[in-house]
2 protein chains.
Amino acid sequence: MTDMLAPGAVIGILGGGQLGRMLSVAAARLGFVTHIFEPGANPPAGQVADRVTTAAYDDAEALRAFADAVDVITYEFENIPTEALDLLEAHRPIHPGREALRVSQDRLTEKNFLQGLGLKTAPFADVSDLASLNEALDQIRAPAILKTRRFGYDGKGQARLHASADAESALADMAGAPAILEGFVNFSHEVSVIAARGLDGQVACFDPGENVHRDGILHTTTVPARLSPAQRTDAVLLAANILNALDYVGVMGVELFVTPEGLVVNEIAPRVHNSGHWTQNGCAVDQFEQHIRAVAGWPLGDGQRHSDVMMENLIGADMDRVPDLARERDVALHLYGKAEVKPGRKMGHFNRIAR
Amino acid sequence: MTDMLAPGAVIGILGGGQLGRMLSVAAARLGFVTHIFEPGANPPAGQVADRVTTAAYDDAEALRAFADAVDVITYEFENIPTEALDLLEAHRPIHPGREALRVSQDRLTEKNFLQGLGLKTAPFADVSDLASLNEALDQIRAPAILKTRRFGYDGKGQARLHASADAESALADMAGAPAILEGFVNFSHEVSVIAARGLDGQVACFDPGENVHRDGILHTTTVPARLSPAQRTDAVLLAANILNALDYVGVMGVELFVTPEGLVVNEIAPRVHNSGHWTQNGCAVDQFEQHIRAVAGWPLGDGQRHSDVMMENLIGADMDRVPDLARERDVALHLYGKAEVKPGRKMGHFNRIAR
C-alpha cells in the first residue's frame, strides 16, 4: 500500500468535541500531528491536538488556511455546512467523502438510500406541512415520531405523536424545518455495527454492540450483543453493503433494530460513533485509530476483540460517580475535559472490561 | 479520598519526550489538562499537551511561571537539576518526591540505599581516580562495568572492563565524572516490576515483565515473565518495600536480575518505564494513567492484566517496519511523533496482544 500517509503528516479534523479529541489521540498514537477546526472556544479536542483553528464554518479565509496546513481532512460530525465542504474539498482530500455526507445529513435521503439497497427501515413519509403530516399519519398511524430531516442528534429535533391529534403541536416543534414521520418498529433490542472501509476498499467490522438508551441518549453498549450467528453475519454484511455503496472511507456507525422479521436499519452516522467507544478497551485497534487508518490510507485493524466490554456514558451529574468508578477494578475511565457540567451533556464514559 | 485532584486541574510535566507524551495522553483521559516544560523545541509531548513551555532548567522566571500555571508537578526523567527542583518545590507539590530523586540520581547512593533495605545488588565500589579503580578491581575482579554515578541511561556513560588492563581507558571514558565499578551478576534473565504508590500509601504492582536488551537498549518486554510463584511474590514485595522506604508517590520501574540465589536489584527509575509500556494494551489502567492517578491523589488501578502482551521497541530504522506491523493482527502501534529518525533513537513501540 503505497498511499500510506507517513507519520509526521498532519490530519485536519473538523469539530473539537469528544470524538475529535479521541480521534486526535489515536492519530498521535500513529505518529500523526493533528489540527482541529472548531468554531467554539477551548474545544476538548484542542487539549490533545497540536494545533487549533478557532473560526466559523463560513470563514473562508480560515478554512483555506486550515486546508493548506493539513494533508488530509476528516470530521467528527456530519452536519458540516455544504459551502465549507466545497471550499475544503477544492484544496485537500476529505474522508469520508461527500456522498456519505449527502446521504446521512438528511433522514429522508438516507432512508431512500437504504431502501434502495434492499435494506429494511422504519416506515417513513416526507412531511412539509400539516396536510402532508396528516396524510403520513393515515399511512403510518400513531404512535409515530416526527423528526427534522437535518441536524438532529441525541433525540433533539424530534416530537412523539401518541395520536393523530398531536399532529399540530408536533409540527410546531419542527419550527418550519422539513421533516419526516417515522413509524415505530417492533424491535426487541438495538445493536450497532461499527464498520470501517479503507482507501483500498478493504472492509473491517467490529463485533456488533447492544445499545440501551435513556432519555433519547445512548446509555450503555455491551459487547457481545445478543444476536444469533445468522443475525451477526447479517449485521456485518449489511453494514459492508452500505459502505461499499457509498465508496466510503473511514468508520461508520450503523444502528440496527433486531426484530423477529430481521434487522431494520435505524440510522447511519458517517463518523466514529458513541456505540463504538467500547473498542478502546476491547481491541488492539480501536474505532478512532481505525478511522484514522482509513483516512490515512493505512491497512485496517481486523476488528476482532481481545475482551468483552460494557461501555457506559457519563452524562451531566454522572461526573459525581467518577471517584467511585476510579476505585473499581476493570473500569477504564475516559473523560472529555469539558469545563462545565450540564444536564444531558456527555462528560465522559467508562469501559468495564470482562475477565 | 478527599485529596483527589478534580478533572480540569492542570498537571505540569517536566520533560517532553515520549514518556511525557504518553503521560499527557493518560492525564487527558482522566480529564486533566497538561503543561509540558521542556528545553528542546517541538517536543513529542507538546503535540498532545494543552500547553508547552520551551525554556532551560536554569531559567528561573520560566520555571516560576510554569509552577504558577499548574496544580501539581511530575516528570518523565530523573536527571532534573537540583536548583530547578528547589525552585519548583517552593511553589507546587512535586511527585515523586525529592528523596526518590536524590537516591536514584546517583548510582552509588542508590546501591547503598538498596543494600540498606537488605536487598541484593551487583557488587560495586566507589571510583574517583585510577587508584580507587584499581582497588575496586582487586575486590570485584574483571569483567566489570565502570559507570558514571549520575546522568547515565540506555547504556550511555558506561565502559566495560574485560581485564584489569582496561582500567585506564575505561576511566578516560568517564571524562572525570565520579563513577562506580559494578561486577557482573550471573543471572538467567532480567525482569522488571512496574510499581505504583498512591498519596495515601496504597501500593499496586503490575505483573513483572521479562526484558531482553540489545546494544544496551531495551528490546522487548514479555508478560508474564518466567518466574516461579515464589519469585513473583518476592519481586512484588521488594518493589513495594522500596516504594514505602522512599514514601514514594507515583510509578517506579524496578529492574531485577533473576539468579539461582534469588532476585538482585539492577536499578530503579523514579518514573514510568519503557518496560511498562505493555500495560497500555494489557490493563484497564496502564502505567501512565497509574502514575497520573498517584500524582493526582486518585485511587490506583489494581495492576491486574486482561491480556498477555509482548512489547517491542522501534529503534531508529525499525520505523521501516511500520507498514508491515500495521498489517498484523493483535498488534497495537505507539509512535512518538519524532520528526527525525536517528540510529539508536526510540521512535515508537508496539504491543502484541496474546489471544
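Residues numbered from 1 in each chain as written. Chains lettered and ligands numbered in written order. Predicted model: local features only at pLDDT ≥ 70, side-chain atom pairs only at ≥ 80, totals over all residues. Heavy atoms only, no water.

Let us now look at the overall build of chain A. Along chain A, the regular secondary structure elements total ten helices and 18 strands. Here the C-alpha radius of gyration of chain A, 20 Å, is about what a compact globule of 355 residues would show, namely 20 Å. When the backbone C-alpha atoms are referred to their principal axes, chain A occupies close to 60 × 50 × 40 Å. Residues counted as buried form 61% of the 355 residues belonging to chain A. As displayed, chain A offers around 13400 Å² of accessible surface, 48% of which is attributable to carbon and sulfur atoms. (Helix = DSSP H or I, 4+ residues; strand = E, 2+ residues; numbered from the N terminus. Rg over C-alpha atoms; globule rule 2.2 N^0.38 Å. Buried < 20%, exposed > 50% of the residue type's maximum accessible area, 1.4 Å probe, protein only. Areas by Shrake-Rupley, 256 points an atom, 1.4 Å probe, with all protein chains shown as cover.)

Right, let's talk about the nonpolar core for a bit. In this structure, L333 of chain A together with I11, F32, I292 and W298 of chain B are the most contacted members of the largest nonpolar core, which totals 47 residues. Per-element accounting of this core gives the leading share, five residues, to helix α1 (residues 18–29) of chain B. Ignoring any residue separated from it by four or fewer positions in sequence, one finds L333 of chain A in contact with L314, V322, L325, A326, H349 and F350 of chain A together with R29, L30, R293 and W298 of chain B. A27, I36, A45 and L300 of chain A belong to the second largest nonpolar core, which has 46 residues in total. (Core = buried A, V, L, I, M, F, W, Y, C linked by side-chain atoms within 4.5 Å. Contact = heavy atoms within 4.5 Å.)

All names here are of chain B. Viewed as axis vectors pointing N to C, helix α2 (residues 60–69) and helix α3 (residues 82–89) meet at an angle of 40 degrees, and their least axial separation amounts to 9 Å. One finds that α2 runs oblique with respect to α3. At the point where α2 passes α3, the crossing takes the right-handed sense. Within the contact between the two elements, α2 uses A60, L63, R64, F66 and A67 and α3 uses A84, L87 and L88. Here the residues of the contact of α2 with α3 are counted per class, giving seven nonpolar, no polar and one charged. (Axes fitted to C-alpha atoms, helices over the stretch in contact; angles between N-to-C directions. Parallel < 35°, antiparallel > 145°, perpendicular 65-115°, else oblique. Left-handed = near helix turned anticlockwise from the far one by under 90°. Nonpolar A, V, L, I, M, F, W, Y, C, P; charged D, E, K, R; others polar.)

Moving on, we come to the relation of the copies chain A and chain B. One copy of the chain maps onto the second through a rotation about an axis and a displacement along it. When chain A is fitted onto chain B, the two copies agree to an RMSD of 0.0 Å after a turn of 180 degrees and an axial shift of 0.0 Å. Here the two chains are linked by the operation of a two-fold rotation axis. No C-alpha of chain A approaches the rotation axis more nearly than that of V48 of chain A, which lies at 2.0 Å. Counting the interface residues of chain A, we find that 100% of their copies in chain B are interface residues as well, pointing to one common contact surface. (Least-squares fit on C-alpha atoms with pLDDT ≥ 70 in both.)

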